[in-house]
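Residue-level structure breakdown
Listed here are the chains, written in short residue letters.
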2 protein chains.
Amino acid sequence: MAKDFTTREEDYSKWYNDIVKKADLAENSAVRGCMVIKPYGYAIWENMQAALDKMFKDTGHVNAYFPLFIPKSFLCKEADHVEGFAKECAVITHYRLKNAPNGGVMVDPEAKLEEELIVRPTSETIIWDTYKNWIQSYRDLPILCNQWANVVRWEMRTRLFLRTAEFLWQEGHTAHATREEALIEAEKMLNVYADFAENFMAMPVLTGVKSPNERFAGAEDTYCIEALMQDGKALQAGTSHFLGQNFAKAFDVKFLNKENQLDYVWATSWGVSTRLVGALIMSHSDDHGLVLPPKLAPLQVVIIPIYKTEEQLQAIREKVTSLSAELKSKNISVKFDDDDAKRSGWKFNEYELKGVPVRIAIGPRDLENNQVEIARRDTLEKHTASFDGLANHIETLLTDIQQNIFNKALKFREENTRKADTWEEFVDILDNKGGFILAHWDGTTETEELIKEKTKATIRVIPFDGEKEEGKCILTGKASARRVVFARAY
Amino acid sequence: MAKDFTTREEDYSKWYNDIVKKADLAENSAVRGCMVIKPYGYAIWENMQAALDKMFKDTGHVNAYFPLFIPKSFLCKEADHVEGFAKECAVITHYRLKNAPNGGVMVDPEAKLEEELIVRPTSETIIWDTYKNWIQSYRDLPILCNQWANVVRWEMRTRLFLRTAEFLWQEGHTAHATREEALIEAEKMLNVYADFAENFMAMPVLTGVKSPNERFAGAEDTYCIEALMQDGKALQAGTSHFLGQNFAKAFDVKFLNKENQLDYVWATSWGVSTRLVGALIMSHSDDHGLVLPPKLAPLQVVIIPIYKTEEQLQAIREKVTSLSAELKSKNISVKFDDDDAKRSGWKFNEYELKGVPVRIAIGPRDLENNQVEIARRDTLEKHTASFDGLANHIETLLTDIQQNIFNKALKFREENTRKADTWEEFVDILDNKGGFILAHWDGTTETEELIKEKTKATIRVIPFDGEKEEGKCILTGKASARRVVFARAY
């Protein structure tokens with residue numbers, strides 16, 4: 001069916017922008033690099049938030065809120081951290097405007113801050129400065145806080161959801177008495193992310209460790225979930241960091257352990273952002289528009305009446321009332337769209353574009369036959385179903401769709417994960433096929449950077465569950481103990 | 001009972017600070033004027049958010065998200081608006097730091113923004129700049145958006161929750177085809193706030209209109225809910241603004257109406273903030289600590305075992321398991337605190353301080369008698385209750401407590417609302433009693449400002465439901481058609 005937007009085949013990047021725009025998800029704002037998240041896009045994010053927030057609380061975490069601003073000097077306390085973030089931050093230098101002589105307003109030079117403030121790009125520094133006052137002894141540990149917040153990283157090239165100057169996210173910041181406990185926490189939260197990605201977003205992910213080069217600025221180890229988009233590029237979907245004692249040392253956060261000795265506190269941090277909305281779109285959507293997994297769809301079922309007369313509409317409305325009630329009682333969101341100003345063909349297109357998982361059409365003939373026509377968004381297939389047991393049928397169908405979307409994405413990833421044993425193979429796959437490439441690497445940052453320079457491919461992840469396999473680095477030929485996952489990435 | 005904090009009688013202001021600190025609600029951060037909202041304080045805010053968000057959605061609103069930053073020039077487009085907000089805003093002038101020659105980092109002078117950005121103090125300007133692109137015809141209206149966000153107003157004197165440089169809030173921004181529809185919306189949302197204040201916060205509020213002097217910068221009318229704190233000072237708890245066509249004109253937002261004519265769009269905006277947490281504390285809490293209405297309490301019921309031996313604890317634990325499950329099935333939050341490291345007396349104090357509405361104590365004797373001891377936080381009264389039907393008893397008790405807290409606050413307000421017919425009476429009440437004062441006013445801003453200058457009292461609200469009553473202005477003696485509500489305020 002023809003839609004007035006680009007297909008994936010034609011131009012994947014343009015296709016993505018078209019979907020974001022036409023499905024009313026987000027748009028660029030008047031402020032360079034900042035997006036407006038429109039109600040339909042925000043509703044997807046709200047569903048993500050609700051599911052994640054419950055998972056965080058079920059694993060013992062609580063929410064809190066820390067300041068938007070960070071004193072400039074805080075950034076400098078952790079050496080790697082300032083290197084990673086100072087280059088791209090919004091700096092507040094004044095706290096007042098005043099009337100300008102020529103009309104309008106101007107910065108009031110008398111209201112200059114003694115120390116500049118940075119809009120948080122991430123909150124490790126301000127939070128560890130706070131934790132310093134919360135922690136005296138092992139009895140105060142662990143601290144398991146999460147924060148839902150906006151952050152700003154001054155990006156030069158931005159793309160809606162995927163990379164914006166301001167974005168929304170959650171950042172967990174935990175404090176522990178031992179190294180082991182912090183390691184367990186970092187891994188636990190990575191598993192929460194993987195669980196969320198696979199079971200809510202229907203997006204299969206690889207889990208593992210980042211190479212030192214791709215580590216978070218200030219971390220000892222960065223764990224990540226890594227997904228494959230339909231254009232064969234990888235997307236980092238979430239990270240969980242084992243911070244060691246780096247921030248505790250930077251902010252002098254010590255505690256009295258059970259042995260009555262002073263020690264530095266161990267830390268983790270972990271986050272996912274509105275970038276996940278971009279990942280969701282690029283994982284499942286097609287040339288007809290969005291495809292949303294039922295568990296995150298703002299609207300799961302739409303019912304569209306097909307009628308000519310007001311009497312027919314009324315008969316359909318009556319028939320539908322109890323179905324809607326029954327679906328709602330099963331926590332299935334449903335809308336009966338009887339807007340008379342729009343043709344049913346227009347509605348079909350619109351809900352397809354918006355990725356509503358199940359569309360039900362009912363006309364006078366259907367009423368006579370005690371049936372409806374059901375279209376599922378994932379396969380675009382239609383079938384008829386009896387009104388008897390219809391709510392149960394739809395409930396099952398939604399579960400099927402959720403599973404099918406995941407299976408399809410998993411199949412795509414499997415078909416696009418390849419081994420490369422030589423440099424030629426490696427380059428050939430990158431240039432002609434894309435996807436994840438399992439290849440040997442000699443373990444050095446130099447080689448990793450050389451590969452990136454030559455091919456734009458990076459090490460996405462060193463998988464937790466990768467087998468040991470002796471081999472030779474695809475670039476240098478030096479010995480390697482295992483394959484790592486390369487790809488070009490967002 | 002002695003607590004190591006100030007009583008209300010001794011020093012109300014210090015009492016407030018002590019409660020906020022000792023009940024672990026919030027603290028000042030390293031950034032001047034910005035607070036850290038600690039997990040327990042944030043949990044109260046989350047409960048407020050959940051209730052309000054549902055009310056907004058039930059009245060047809062959707063959430064969206066707009067940029068944190070506002071171009072300086074946007075502020076100037078609405079004349080009153082810039083007057084109201086330019087004096088107190090965080091200004092971003094640069095987008096990068098660089099390494100300083102002497103170590104540390106400094107602002108990179110080469111990364112100066114062409115136009116400064118303001119951290120939003122409120123979002124009318126950026127939102128109306130966005131709505132311009134969303135609205136062409138009456139078919140695009142109404143737009144009923146809400147945003148949960150952080151905002152910054154550079155306050156010189158700050159107090160935790162009540163007045164901070166950064167605070168969390170929601171801001172609704174709606175666009176309508178007619179003046180009437182916008183007026184209805186502004187009043188509807190004020191009623192939502194009043195409903196929330198009274199039925200969730202158990203805080204009685206007056207509803208009405210602000211005098212022109214106290215209006216939102218850019219509004220044609222500001223409606224408000226106004227509450228009375230225990231020290232006799234008023235607190236503005238929420239506002240809803242009828243903005244007329246001011247922002248539509250400032251941002252040139254026109255639409256084609258049903259008569260096919262171009263007209264400016266009508267607007268409202270409305271907001272409540274984390275200030276409500278401060279209002280909640282000051283409305284109900286006592287010299288023993290927080291008193292929380294059950295509907296907003298993060299923890300509603302705590303069960304504390306009284307035991308000497310591990311066997312006794314085990315017997316209590318078994319008995320309590322099904323009670324906890326039954327309470328949870330009624331959506332009542334409950335915690336069994338069997339922390340062996342803390343004495344039960346310490347726990348009693350702690351949960352009293354934290355305002356947990358119902359405390360249940362169970363010892364071996366109670367088990368024998370198939371009963372428990374129940375203490376309610378609002379009255380500090382204790383009674384015994386049988387295990388038979390205990391969950392139902394607690395459910396009823398929580399409803400009672402919610403109602404009793406409201407009744408108590410209402411009684412306080414009634415006892416502290418007085419009429420003043422002369423200037424002497426007015427000043428006497430202000431200086432010796434406080435509370436709301438119903439008095440005649442000649443309707444001019446000059447008089448209002450003179451009264452404020454002489455007494456620090458302001459017109460809090462011109463009540464919707466006030467009777468017409470001819471009288472003479474307490475200051476000028478000029479004719480007045482009705483009494484308005486004066487008070488000293490937070």
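Residues numbered from 1 in each chain as written. Chains lettered and ligands numbered in written order. Predicted model: local features only at pLDDT ≥ 70, side-chain atom pairs only at ≥ 80, totals over all residues. Heavy atoms only, no water.

1. Details of the interface of chain B and chain A
Our working rule: We call two residues in contact when some of their heavy atoms are within 4.5 Å. We define buried area as the total accessible area lost by two parts upon association, computed with a 1.4 Å probe and summed across both. Here, a salt bridge means any side-chain nitrogen of Lys or Arg that lies within 4 Å of a carboxyl oxygen of Asp or Glu. Amino acids outside the nonpolar list (Ala, Val, Leu, Ile, Met, Phe, Trp, Tyr, Cys, Pro) and the charged list (Asp, Glu, Lys, Arg) are all regarded as polar, and Gly is one of them. Pairing between strands is defined by DSSP: at least two bridges between them are needed. For the purposes of this entry, the term helix denotes a DSSP run of H or I that reaches at least four residues, the term strand denotes a run of E that reaches at least two, and both are numbered from the N terminus.
The interface is formed by 63 residues belonging to chain B together with 63 residues belonging to chain A. Taking both sides of the interface into account, the surface hidden between chain B and chain A amounts to around 5,000 Å²; carbon and sulfur atoms contribute 69%. Summed over the shared surface of chain B and chain A, the number is two salt bridges. Residue Glu-46 of chain B pairs with Lys-57 of chain A through a salt bridge whose shortest N-O separation is 2.9 Å. Of the residues contributing to the side of chain B that touches chain A, the split by class is 41 nonpolar, eight polar and 14 charged. Across three bridges, strand β5 (residues 91-94) of chain A lies against strand β5 (residues 91-94) of chain B in antiparallel orientation. Within β5 of chain B, the residue paired with Ile-92 of chain A across the bridge is Ile-92 of chain B.

2. With respect to the nonpolar core
For clarity, the threshold we go by: Among buried residues, those of type Ala, Val, Leu, Ile, Met, Phe, Trp, Tyr and Cys that are joined through side-chain atoms within 4.5 Å constitute a nonpolar core. Per-residue accessibility, obtained with a 1.4 Å probe over protein chains only, is compared with the maximum for each type, and a residue is labelled buried under 20%, exposed over 50%, and partly exposed between these values.
Within the largest apolar cluster, 102 residues are counted, with the highest numbers of intra-cluster contacts made by Phe-69 and Trp-128 of chain A together with Phe-69 and Trp-128 of chain B. If we ignore the near neighbours within four places in the chain, the residues touching Phe-69 of chain A are Ile-92, Leu-117, Ile-118, Val-119 and Ile-126 of chain A together with Val-31, Cys-34, Ala-90, Val-119, Val-152 and Trp-154 of chain B.

3. Some remarks on the environment of Ala-227 of chain A
Residue and element names in this part refer to chain A. Structurally, the position occupied by Ala-227 is in strand β12 (residues 221-228). For the pair Ala-227 and Ala-194, spaced 33 residues apart in the sequence, the C-alpha separation amounts to 10.0 Å. Non-local contacts of Ala-227, meaning those with residues more than four positions away in its chain, are made with Met-203, Pro-204, Val-205, Lys-233, Ala-234, Leu-235 and Phe-436.

4. Focus: the packing of aromatic side chains
All names here are of chain A. Under the convention used in this document: Between the rings of Phe, Tyr and Trp (Trp by its six-membered ring), a pair exists once the centres lie within 6.5 Å; its type follows the angle of the planes, with under 30 degrees stacked, over 60 edge-to-face, and the other angles tilted.
In the structure shown here, the tally under the stated rule is 40 aromatic pairs over all chains. Seen from their ring centres, Tyr-12 and Trp-15 are 4.9 Å apart, and the 35 degrees between their planes marks the pair as tilted. Placement of the pair is Tyr-12 and Trp-15 together in helix α1 (residues 12-22), with a separation of three residues, close to one helical turn. Considered together, Tyr-12 and Trp-15 belong to a single accessibility category, that of buried residues.

5. Brief notes about the relation of the copies chain B and chain A
We apply this condition: We place the copies in one frame by least squares, fitting the C-alpha atoms of every residue whose pLDDT is at least 70 in both.
The transformation that overlays chain B on chain A combines an axial shift of 0.0 Å with a rotation of 180 degrees, and the residual RMSD is 0.0 Å. On the angle and the small slide along the axis, the relation comes out as a two-fold axis. Minimal C-alpha distance to the rotation axis in chain B is attained by Ile-92 of chain B, lying at 2.1 Å. Taken as a fraction of all interface residues of chain B, those also at the interface in chain A reach 100%, which identifies the copy contact as same-surface.

6. Brief notes about the side chain of Glu-226 of chain B
Residue and element names in this part refer to chain B. Stated formally: We call two N or O atoms a polar contact when they sit within 3.5 Å, provided that within protein one can donate a hydrogen and the other can accept it, with sequence-adjacent residues counted only if both atoms are side-chain atoms.
Note on placement: Glu-226 falls in strand β12 (residues 221-228). What makes Glu-226 buried here is its relative accessible area of 0%. Of the polar contacts made by the side chain of Glu-226, one reaches the backbone nitrogen of Gln-236; its length is 3.5 Å. A polar side-chain atom of Glu-226 sits 2.6 Å from a polar atom in the side chain of Arg-460.

7. What about the pattern of salt bridges?
Inspection of every chain in the model, using the stated rule, returns 61 salt bridges over all chains. Residues Lys-132 of chain A and Asp-252 of chain A are paired through a salt bridge, measuring 3.6 Å at the closest nitrogen-oxygen approach. Separated by 120 residues along the polypeptide, Lys-132 of chain A in helix α5 (residues 124-134) and Asp-252 of chain A in the loop between α7 (246-250) and β14 (254-256) bring together distant segments of the chain. Looking at Lys-132 of chain A, the relative accessible area reads 33%, which means it is partly exposed. Take Asp-252 of chain A: its relative accessible area is 38%, and that puts it in the partly exposed class. Taking the shortest distance from any N to any O, the salt bridge between Asp-378 of chain B and Arg-376 of chain B comes out at 2.6 Å.

8. Details of the sheet that holds strand β8 (residues 112-119) of chain A
Condition: For every element, the axis is a line fit to its C-alpha atoms; helices are fit only across the contacting stretch, and the angle between N-to-C directions ranges from 0 to 180 degrees.
Pairing is antiparallel across the open sheet formed by six strands, whose spatial order is β4(A)-β8(A)-β5(A)-β5(B)-β8(B)-β4(B). Of all the strands in the sheet, the pair left with one neighbour each is β4 (69-71) of chain A together with β4 (69-71) of chain B. For this sheet, the mean angle separating the axes of adjacent strands, direction not counted, is 45 degrees. One ladder, built from three bridges, connects β4 of chain B with strand β8 (residues 112-119) of chain B; its direction is antiparallel. Residue Ile-70 of chain B lies in a different strand from β8 of chain B, and its bridge partner there is Ile-118 of chain B.

9. Points about the packing of helix α9 (residues 310-329) of chain B against helix α12 (residues 390-415) of chain B
All names here are of chain B. Convention followed: An angle counts as roughly parallel when it lies under 35 degrees, as roughly antiparallel when it exceeds 145, as roughly perpendicular when it falls between 65 and 115, and as oblique in every other case. Working rule for handedness: look at the near helix, and if it is turned counterclockwise from the far one by less than a right angle, call the crossing left-handed; if clockwise, right-handed.
One way to put it is that α9 packs onto α12 with a least axis distance of 9 Å and a crossing angle of 45 degrees. As judged from the angle between their axes, α9 and α12 are oblique. When you trace α9 past α12, the crossing you get is right-handed. Of the residues in α12, those touching α9 at Leu-323, Glu-326 and Leu-327 are Leu-390, Ala-391 and Ile-394. Here the residues of the contact of α9 with α12 sort into five nonpolar, no polar and one charged.

10. Some details on the confidence of the model for chain A
Detail in the predicted coordinates should be disregarded across regions flagged by low pLDDT. Our working definition: pLDDT measures how confident the predictor is about each residue, on a scale from 0 to 100.
Predicted confidence across chain A gives a mean pLDDT of 96, with 99% of residues reaching 70 or more. Among the scores for the predicted complex, ipTM is 0.96 and pTM is 0.97.

11. A closer look at the sheet that holds strand β20 (residues 371-376) of chain A
All names here are of chain A. What the five strands build is an open sheet, ordered β18-β17-β19-β20-β21; its pairing is mixed. The strands lining the two open edges of the sheet, one partner per strand, are β18 (334-336) and β21 (382-386). Adjacent strand axes in the sheet meet at a mean angle of 25 degrees, parallel and antiparallel pairs treated alike. As defined by bridge partners, strand β19 (residues 358-362) adjoins β20 across four bridges and the pair is classed as antiparallel. Across the sheet, the residue bridging to Ile-360 is Ile-374, located in β20. Against the sheet, helix α9 (residues 310-329) engages β17 (301-305), β18 and β19, with an angle of about 170 degrees to β18.

12. Quick word on the environment of Leu-410 of chain A
All names here are of chain A. Position of Leu-410 among the secondary structure elements: in helix α12 (residues 390-415). Given a relative accessible area of 21%, Leu-410 falls into the partly exposed group. Measuring from C-alpha to C-alpha, the distance between Leu-410 and Val-277 comes to 18 Å, with 133 residues separating the pair along the chain.

13. Quick look at unusual backbone geometry
Residue and element names in this part refer to chain A. Cis geometry is adopted by the peptide bond preceding Pro-142, which originates at Leu-141 and carries an omega value of -5 degrees. Of note, Pro-142 is situated in the loop between α5 and β9 (143-152). One non-glycine residue, Asn-370, lies in the positive phi region at around 55 degrees. Its location among the elements puts Asn-370 in the loop between α11 (364-368) and β20.

14. Some remarks on the pairing of β8 of chain B
Relative to β8 of chain B, β5 of chain B is paired through three bridges, and the arrangement is antiparallel. Within β8 of chain B, the residue paired with Ile-92 of chain B across the bridge is Leu-117 of chain B.

15. Looking at the environment of Ala-197 of chain B
Residues and elements named next belong to chain B. Assignment of secondary structure puts Ala-197 in helix α6 (residues 179-199). In this structure the C-alpha to C-alpha distance between Ala-197 and Glu-226, which are 29 residues apart in sequence, comes to 9.8 Å. Residue contacts for Ala-197: discarding those within four places in its chain leaves Ala-202, Met-203, Val-205 and Ile-225.

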